[in-house]
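# Descriptive analysis of the structure
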Amino acid sequence: MSDLKLPTLDKPTLAKDVIHRGDCIAVLKSLPDASVDMVFADPPYNLQLGGDLLRPDNSKVDAVDDDWDKFDSFAEYDTFTRAWLTECRRVLKPEGSIWVIGSYHNVFRLGAAIQDLGFWVLNDIIWRKSNPMPNFKGTRFTNAHETLIWAARSREQKRYTFNYDALKAFNEDTQMRSDWTFALCTGEERIKDADGKKAHPTQKPEALLHRVLLSATRPGDVVLDPFFGTGTTGAAAKRLGRHYIGIERDETYAEVAQTRIASVIPANPEDLMVMGSKRAEPKVPFGALVEAGLLHPGDRLYCPKGEREARVRADGSLVSGSLTGSIHKLGALFENAPACNGWTYWRFKTDQGLKSIDALRAEVRAGMQ
């Protein structure tokens, strides 16, 4: 028997809670396939500024004029965009998603690239700025919003994380809308350098990242930010019990981010639990209530107003006169409707009055868990 062993190809391992220093595309290429749960990207906006922006008193506005935001042409910007998006799609897990933020200067080009590369757009979110910078020349509308594109990895993707019930509870039991209002990053949150100037010109408010992460990740997930800047994504991720991977080519920004994140105190794990969705709960057939002795053959169930009734049978079906069927079918027949959710329709009698059979289903689920 030969002792010859075939060489094994070492797969790259994923380092978590780190800031990689370097070009985003080069670093992305070094990351393993299907290794991150979510990408949040705040790429260069390619603002194409034609000169200094002045206030009415002729003082200069501290605009984004850094080299990292300058491209020679739209074609060059598009090539750059497609390169980093391609790598982000490769490193996303099959059930992962991506968030990309932009202004009117670049978001339409980002959107076209996202769709062309096979991502599937789930929503566009409008970040409405409660304190936008005015249009000093009075020649245009005040630019008071930015757009976030949220996309799944592919159109065929059946599952992705969306904490619907948690967001609804977060929003006072109202379905979360796609227009969010946050102030620009100001005051104590705005990181300053040794000279008292903004450390980064486009630092995002942590509240924005808090909501993004709360929406589309779970505790323990890995979030990748290929344009890490001063680390807002990392700070929010650490606070919420998520892992982060940052990529930043500017050494000064990376150092600021490292210091910032080191000072963040994570929330207690028990305080990070995400409210579950009913869709994710174990399926319980109506017959299981009969098997568990919570209902018995011959027991009566009632429509919401208590005006009509049906008897429970041993096989988990219902009967009322000549009508028979499941809890859903008989409820639809009672209401002359195409469909009916029998769990929320039928009631059983208690000493306190009629109560939904959904409460009995919850008892069975509790026993299953």
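Placed above this text is the structure.
Figured I'd write up the structure that's included with this text. (Residues numbered from 1 in each chain as written. Predicted model: local features only at pLDDT ≥ 70, side-chain atom pairs only at ≥ 80, totals over all residues. Heavy atoms only, no water.)

Moving on to the overall build of the protein chain. For the protein chain, the helix and strand inventory stands at 11 helices and 14 strands. The buried share of the protein chain, reckoned over its 369 residues, is 42%. As displayed, the protein chain has an accessible area near 20,900 Å², and 50% of this comes from carbon and sulfur atoms. (Helix = DSSP H or I, 4+ residues; strand = E, 2+ residues; numbered from the N terminus. Buried < 20%, exposed > 50% of the residue type's maximum accessible area, 1.4 Å probe, protein only. Areas by Shrake-Rupley, 256 points an atom, 1.4 Å probe, with all protein chains shown as cover.)

Another aspect to go through is the pattern of salt bridges. With the rule as written, the count across this model stands at 15 salt bridges. Note that K93 is salt-bridged to D37, the shortest N-O span being 3.1 Å. On the criterion of sequence distance, the pair formed by K93 in strand β3 (residues 92–102) and D37 in strand β2 (residues 36–41) is long-range, its members being 56 residues apart. Owing to a relative accessible area of 30%, K93 belongs among the partly exposed residues under this scheme. Put simply, R109 and D78 hold a salt bridge, and the shortest N to O gap is 2.7 Å. Taken together, the positions of R109 in helix α3 (residues 107–116) and D78 in helix α2 (residues 74–91) put the pair 31 residues apart, joining distant regions of the chain. Look at the salt bridges and you will find they share partners, linking K29, D33, E87 and R90 into a network. (Salt bridge = Lys/Arg side-chain N within 4 Å of Asp/Glu carboxyl O.)

Here the phi dihedral of A34 falls at roughly 45°; this positive angle occurs in a residue that is not glycine. Residue classification places A34 among the partly exposed residues on the basis of a relative accessible area of 38%. Its identity as a non-glycine residue notwithstanding, N336 has a phi of 55°, on the positive side. Relative to the helices and strands, N336 is located in the loop between α9 (327–335) and α10 (342–345).

The next subject is the side chain of S154. Within the secondary structure, S154 sits in the loop between β5 (145–152) and α4 (164–170). A relative accessible area of 13% places S154 in the buried class. Polar side-chain contacts of S154 include one of 3.3 Å to the backbone nitrogen of Q157. The residues contacting S154, other than those within four sequence positions of it, are R89, G118 and W120. (Polar contact = N/O pair within 3.5 Å; in protein donor to acceptor, adjacent residues only side chain to side chain. Contact = heavy atoms within 4.5 Å.)

Moving on: the pairing of strand β4 (residues 120–129). As judged from the eight bridges shared by β4 and β5, these two strands associate in the antiparallel manner. Paired with W120 across the strands is A152, a residue of β5. With four bridges joining them, β4 and strand β6 (residues 179–182) adopt parallel strand pairing. Residue pairing across strands places W127 opposite W180, the latter belonging to β6. (Pairing = 2+ DSSP bridges.)

The strand order β1-β8-β7-β2-β3-β5-β4-β6 describes an open sheet built from eight strands, whose pairing is mixed. Across the chains shown, the open sheet's two edge strands, defined by having one partner strand only, are β1 (18–21) and β6. Neighbouring strand axes in the sheet, compared pairwise and without regard to direction, differ in orientation by 20° on average. As defined by bridge partners, β2 adjoins strand β7 (residues 222–225) across two bridges and the pair is classed as parallel. (Axes fitted to C-alpha atoms, helices over the stretch in contact; angles between N-to-C directions.)

What follows deals with α3. Along α3, the residues that are buried comprise V107, L110, G111, A113 and I114. Here the buried residues of α3 occupy an arc of 165° about the axis, which is enough to place them on one side. Turned more than 90 degrees away from the buried face of α3, the exposed residues are F108, Q115 and D116. Residues of α3 that are buried in the fold lie against α2, β3, β4 and β5. (Arc of directions from axis to C-beta.)

In total, this model carries 13 aromatic pairs according to the counting rule given. For the ring pair W150 and F162, a centre distance of 5.5 Å and an interplane angle of 45° mean the geometry is tilted. With W150 in strand β5 and F162 in the loop between β5 and α4, the pair connects residues that are 12 residues apart, well separated along the chain. For W150, a relative accessible area of 4% puts it in the buried group. Given a relative accessible area of 38%, F162 falls into the partly exposed group. (Phe/Tyr/Trp six-rings, centres within 6.5 Å; stacked < 30°, edge-to-face > 60°.)

Let us look at the packing of helix α6 (residues 232–239) against helix α7 (residues 251–262). Where α6 contacts α7, the axes come no closer than 9 Å and their chain directions differ by 15°. Classified by the interaxial angle, the pair formed by α6 and α7 is roughly parallel. You can see that α6 and α7 cross each other, and the crossing is right-handed. Within the contact between the two elements, α6 uses T232, G234, A235 and K238 and α7 uses R260, I261 and A262. (Parallel < 35°, antiparallel > 145°, perpendicular 65-115°, else oblique. Left-handed = near helix turned anticlockwise from the far one by under 90°.)

Core analysis: the largest hydrophobic core is formed by 31 residues, its most contacted members being M38, F40, W99, L148, W180 and L208. Contributions of two or more residues to this core are made by β2, β3, β4, β5, β6, α5 (206–216), α6 and α7. Excluding its chain neighbours within four sequence positions, the residues that come into contact with M38 are L92, S97, W99, V212, L213, A216, T217, V222, V223 and L224. Among the nonpolar cores identified, the runner-up in size contains 30 residues, and V39, A41, V91 and F119 belong to it. (Core = buried A, V, L, I, M, F, W, Y, C linked by side-chain atoms within 4.5 Å.)

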